[in-house]
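If you want the building blocks of each chain, they are given just below.
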Amino acid sequence: MILKALFAASATAALLLALPANAAELTIGFSQIGSESGWRAAETSVSKQEAAKRKVNLKIADAQQKQENQIKAIRSFIAQNVDAIFLAPVVSTGWDSVLKEAKEAKIPVVLLDRDIDPSGKDLYLTAVTSDSVHEGAVAGDWLAKTVAEKACNIVELQGTVGASVAANRKKGFDTAIAKHPNLKVVRSQTGDFTRAKGKEVMESFIKAEGGGKSICAVYAHNDDMMVGAIQAMKEAGLKPGKDILTVSIDAVPDIFKAMAAGEANATVELTPNMAGPALDAIAAFKEKGTVPPKWIQTESKLYTAADDPQKIYDSKKGLGY
């Protein structure tokens, strides 16, 4: 009986050793920017959910919006010999050295949400992102259609300086409104993608523009800055969404709450589920050697107050925003 049990155990062990690697055995390191916005928090939460579905061990390192912390995290993941690395880059440059180290260690890197400088494209496997230029263009087109021929002075809350998504969202918006000479960005400043900074910068815009009377619309590179801007407008005695139009990007729950209250007008959705497609791409690459396309594009969608914002808020509020 003992010999039979030992033989069975040995046979089971041999069978397990012979089985191919699969997603259930993967360990992936994720260098996350931080939690500077509701969207970022949701991305982290959804990433954990998607990894759990696939039984992937996902190790998340919060960089607190500092590139040096991301570089340290990537080097730590390389030392741990993880199966893959996910990177949401805080800025677009300065990655060549550490990504070369990952490539030399034969650890594939997948970018989430943001891209890096084109010179580094051979250093990562794929990028799962939205088309952030398109997002900005959708926002600009909505504003142009909404104001029609009316002269419209716009103030802009930019994202983090040096972030590819900020540059692209600006580029798309500027290109869209360039077709309409009645639309003009009169002030533009970074709000660092945060509510506090968005409020602070909007306060300065209001003061500089006659108490906000000469401002027709606010364009924010993310909803969190817009939520801060809405608060600044209210404190200045203005009616956001009426006195000043709002359009922003991300589609976080709180912007739908503001829409339901008549204090916001439009947002362009950025899905927080970047990890799902990335995990599928890594599993196929590891199991079958399938090389994914260099860019896996996620969907963007425009929402306005006509889209039952309260219902959308209720559907999103449990996602970790």
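Okay, so let's go over this structure. In this text the structure is predicted, and so the values were computed from the model without any measurement.

### Here's the deal with the packing of helix H8 (residues 223–235) against helix H9 (residues 253–260)
Between H8 and H9, the shortest axis-to-axis distance is 9 Å and the interhelical angle comes to 40 degrees. As judged from the angle between their axes, H8 and H9 are oblique. The hand of the H8/H9 crossing is left-handed. Taking contact as the criterion, the partners of Asp-223, Met-226, Val-227 and Ile-230 in H8 are, on H9, Asp-254, Ile-255 and Ala-258. In terms of residue class, the contact of H8 with H9 is built from five nonpolar, no polar and two charged.

### Some remarks on the pairing of strand E2 (residues 57–62)
With six bridges connecting them, strand E1 (residues 27–32) and E2 associate as parallel partners. Each residue of the ladder has a partner; that of Ser-31, found in E2, is Ala-61. Between E1 and its parallel partner E2, the chain crosses via helix H2 (residues 38–53), and the hand of that crossover is right-handed.

### Let's talk about the sheet that holds strand E10 (residues 266–270)
Taken together, six strands build an open sheet; the order of strands is E7-E6-E8-E9-E10-E12 and the sheet is mixed. Strands at the two margins of the open sheet, each flanked by one partner only, are strand E7 (183–190) and strand E12 (300–304). In this sheet, neighbouring strand axes are inclined to one another by 20 degrees on average, regardless of whether the strands run parallel or antiparallel. Here strand E9 (residues 245–250) pairs with E10 via four bridges, running parallel. Looking at E10, one finds that Ile-249 is bridged to Val-268. Across the sheet, helix H7 (residues 195–208) is in contact with strand E6 (152–158), E7 and strand E8 (217–220); its angle to E7 comes to roughly 135 degrees.

Reading the values: the criteria
- Residues numbered from 1 in each chain as written.
- Predicted model: local features only at pLDDT ≥ 70, side-chain atom pairs only at ≥ 80, totals over all residues.
- Heavy atoms only, no water.
- Axes fitted to C-alpha atoms, helices over the stretch in contact; angles between N-to-C directions.
- Helix = DSSP H or I, 4+ residues; strand = E, 2+ residues; numbered from the N terminus.
- Parallel < 35°, antiparallel > 145°, perpendicular 65-115°, else oblique.
- Left-handed = near helix turned anticlockwise from the far one by under 90°.
- Contact = heavy atoms within 4.5 Å.
- Nonpolar A, V, L, I, M, F, W, Y, C, P; charged D, E, K, R; others polar.
- Pairing = 2+ DSSP bridges.
- Right-handed = clockwise from strand over helix to strand, strands pointing away.

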